[in-house]
Amino acid sequence: MIKIEHLSKKYKRLVLNDISVSFPEKQVSVIVGINGSGKTTFLDCIVGLKRPSDGQIWIDSHHNQSDTFKEQVFYIPSDFYLPDYMTGNEYIQFVLARYPNADRDKVDSFFELYDLKEAKNQLLESYSFGMKKKVQIIAAVLSNAPYVLGDELFNGLDFETTLITVKLFQALLSHRSFVLISHNMTIINHFCDHIFLMSNGKLVPFTGDASQLEAEVLRTESVHDKITFIQRYATFDDNVSE
Ligand SMILES: Nc1ncnc2c1ncn2[C@@H]1O[C@H](COP(=O)(O)OP(=O)(O)OP(=O)(O)O)[C@@H](O)[C@H]1O
């Protein structure tokens with residue numbers, strides 16, 4: 001279980017405010033929240049890319065600074081850089097070397113599964129964004145890290161790849177756990193055990209389905225005023241800037 005105790009992060013303002021939460025094993029937890037609410041900062045703090053201002057993060061008894069913690073987590077950030085000078089295969093092998101239980105002998109099968117067979121030995125500079133995402137997903141799966149954290153993991157993936165990836169992740173749930181930032185309603189509806197809402201520096205469990213979540217967002221994010229603005233703009237209302 002990933003356990004977060006009293007996590008705070010301050011830049012100029014306090015973005016994460018004394019968050020204590022746990023993400024259970026073998027389940028899918030999805031974090032939602034408006035742009036700029038702190039979701040990426042939260043995942044970055046968990047994996048140690050950003051230093052929390054306060055708080056502790058554990059997997060079982062392993063602190064997030066420990067090697068054991070790092071071996072148990074695979075993070076796919078939304079903004080990632082892959083080294084252009086490596087081939088897809090070289091990159092995967094490089095990443096998997098960090099993970100003691102990685103399935104290195106399955107790389108070929110997974111390049112085939114993700115329609116990357118032809119690209120396997122080509123430089124990453126020739127990969128499209130979606131192809132690079134697929135490489136990250138293959139690495140996450142084959143790492144055998146028990147916890148996969150993903151920031152907008154499904155963004156930029158085509159319909160078929162999204163479907164295959166959800167099926168794959170579902171098949172792995174007997175021994176893997178997922179903590180995902182996503183606003184994809186299909187993911188929230190069909191591939192999610194727990195929804196967490198990031199708002200005003202807090203991360204709170206949301207008990208409801210995707211449609212109730214949408215209703216909650218419509219209520220809380222002053223969407224009504226914005227829709228009024230759009231309607232006035234679309235009808236050439238002269239007072240639109242007021
Ligand atoms: N390195 C930084 N220095 C200062 N402020 C930062 C830094 N990184 C993020 N922030 C601020 O922290 C807040 C939270 O940013 P963060 O990227 O975590 O939000 P988010 O919920 O992931 O947003 P989005 O949905 O747009 O990806 C924002 O106000 C952002 O401007």
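Use the structure listed above.
This report concerns the structure included in the present document. All of these numbers come straight from a predicted model, not from anything done at the bench.

Thoughts on the overall build of the chain
Here is step 1: When its secondary structure is counted, the chain shows 9 helices and 10 strands.
Here is step 2: Against the 2.2 N^0.38 benchmark of 18 Å for 242 residues, the chain shows a C-alpha radius of gyration of 20 Å, consistent with a compact globule.
Here is step 3: Considered along the principal axes of its C-alpha atoms, the chain spans approximately 60 × 45 × 35 Å.
Here is step 4: Across the 242 residues in the chain, those meeting the buried criterion constitute 46%.
Here is step 5: Of the accessible surface of the chain, which amounts to about 12,900 Å², a share of 51% is contributed by carbon and sulfur atoms.
Here is step 6: Here the chain holds 24 positive side-chain charges and 31 negative ones, and the gap between their average locations is 5 Å.

Brief notes about the packing of aromatic side chains
Here is step 1: Applying the stated rule across the entire model yields 8 aromatic pairs.
Here is step 2: Connected via pairs of aromatic rings, a cluster forms that spans F154, F169, F178 and F191.

Some points on helix 1 (residues 39–47)
In an α-helix, one turn spans 3.6 residues; hence positions three or four apart end up facing the same way.
Here is step 1: A large share of helix 1 lies buried, amounting to 8 of its 9 residues.
Here is step 2: Of the residues making up helix 1, those classed as buried are K39, T41, F42, L43, D44, C45, I46 and V47.
Here is step 3: Phi turns positive, to about 90 degrees, at G48, one or two residues after helix 1.

As for a negative patch on the surface
Here is step 1: Taken together, E112, D115, D158 and E160 make up a surface patch of like negative charges.
Here is step 2: As for its position among the elements, D158 is in the loop between strand 7 (147–151) and helix 6 (159–172).

Remarks on the site of the ligand
Here is step 1: For the ligand, the full set of nearby residues is Y11, R13, V15, I34, N35, G36, S37, G38, K39, T40, T41 and K50.
Here is step 2: Contact with the protein chains removes 58% of the 640 Å² of surface that the ligand exposes when unbound.
Here is step 3: The biggest single contributor to the shell around the ligand is helix 1, with 3 residues.
Here is step 4: Residues that form the shell around the ligand fall into these classes: 3 nonpolar, 6 polar and 3 charged.

A short note on the sheet that holds strand 5 (residues 62–63)
Here is step 1: Across the sheet, which stays open at both edges, the 4 strands sit in the order 2-1-4-5 with antiparallel pairing between neighbours. Each end of this open sheet is capped by a strand with a single partner; those strands are strand 2 (14–23) and strand 5.
Here is step 2: Bridge analysis of strand 1 (residues 2–10) against strand 4 (residues 54–59) gives 5 bridges, and the strand direction is antiparallel. The partner of K3 across the bridge, within strand 4, is W58.
Here is step 3: Its contacts with the sheet place helix 1 against strand 1, strand 2 and strand 4, and it is angled at close to 60 degrees to strand 2.

Points about helix 5 (residues 129–143)
Here is step 1: With 15 residues, helix 5 extends 21 Å between its outermost C-alpha atoms, agreeing within 8% with the 21 Å of an ideal straight helix rising 1.5 Å per residue.
Here is step 2: Here helix 5 lies mainly inside the structure; 13 of its 15 residues are buried.
Here is step 3: Just downstream of helix 5, N144 is the residue with a positive phi angle, here 60 degrees.

Concerning the packing of helix 5 against helix 6
Here is step 1: Viewed as axis vectors pointing N to C, helix 5 and helix 6 meet at an angle of 10 degrees, and their least axial separation amounts to 12 Å. Comparing the axis directions of helix 5 and helix 6 gives the class roughly parallel. Only T161, T165, L168, F169 and L172 of helix 6 make contact with helix 5, whose side of the interface consists of K134, I137 and V141.

Concerning the pairing of strand 7
Here is step 1: The buried fraction of strand 7 amounts to 5 of the 5 residues, a majority that puts the element mostly inside the structure.
Here is step 2: Burial along strand 7 is two-sided: the face carrying Y147, L149 and D151 and the face carrying V148 and G150 are both buried.
Here is step 3: Summarising the sheet, strand 6 (residues 73–76) and strand 7 pair through 4 bridges and their orientation is parallel. What sits directly across from Y75, in strand 7, is L149.
Here is step 4: As paired strands, strand 7 and strand 8 (residues 177–181) are joined by 5 bridges and run parallel to one another. Along strand 8, the bridge assignment pairs L149 with V179.
Here is step 5: You can see the chain leave strand 7, run along helix 6 and come back into strand 8, and the turn it takes is right-handed.

Conventions used here
- Residues numbered from 1 in each chain as written.
- Predicted model: local features only at pLDDT ≥ 70, side-chain atom pairs only at ≥ 80, totals over all residues.
- Heavy atoms only, no water.
- Helix = DSSP H or I, 4+ residues; strand = E, 2+ residues; numbered from the N terminus.
- Rg over C-alpha atoms; globule rule 2.2 N^0.38 Å.
- Buried < 20%, exposed > 50% of the residue type's maximum accessible area, 1.4 Å probe, protein only.
- Areas by Shrake-Rupley, 256 points an atom, 1.4 Å probe, with all protein chains shown as cover.
- Lys, Arg positive; Asp, Glu negative; His and termini not counted.
- Charge placed at Lys NZ, Arg CZ, Asp CG, Glu CD.
- Phe/Tyr/Trp six-rings, centres within 6.5 Å; stacked < 30°, edge-to-face > 60°.
- Patch = residues over 30% accessible without salt bridge, like charges linked within 9 Å, V, L, I, M, F, W, Y side chains within 5 Å.
- Salt bridge = Lys/Arg side-chain N within 4 Å of Asp/Glu carboxyl O.
- Near = heavy atom within 4 Å.
- Nonpolar A, V, L, I, M, F, W, Y, C, P; charged D, E, K, R; others polar.
- Pairing = 2+ DSSP bridges.
- Contact = heavy atoms within 4.5 Å.
- Axes fitted to C-alpha atoms, helices over the stretch in contact; angles between N-to-C directions.
- Expected span 1.5 Å × (residues − 1).
- Parallel < 35°, antiparallel > 145°, perpendicular 65-115°, else oblique.
- Right-handed = clockwise from strand over helix to strand, strands pointing away.

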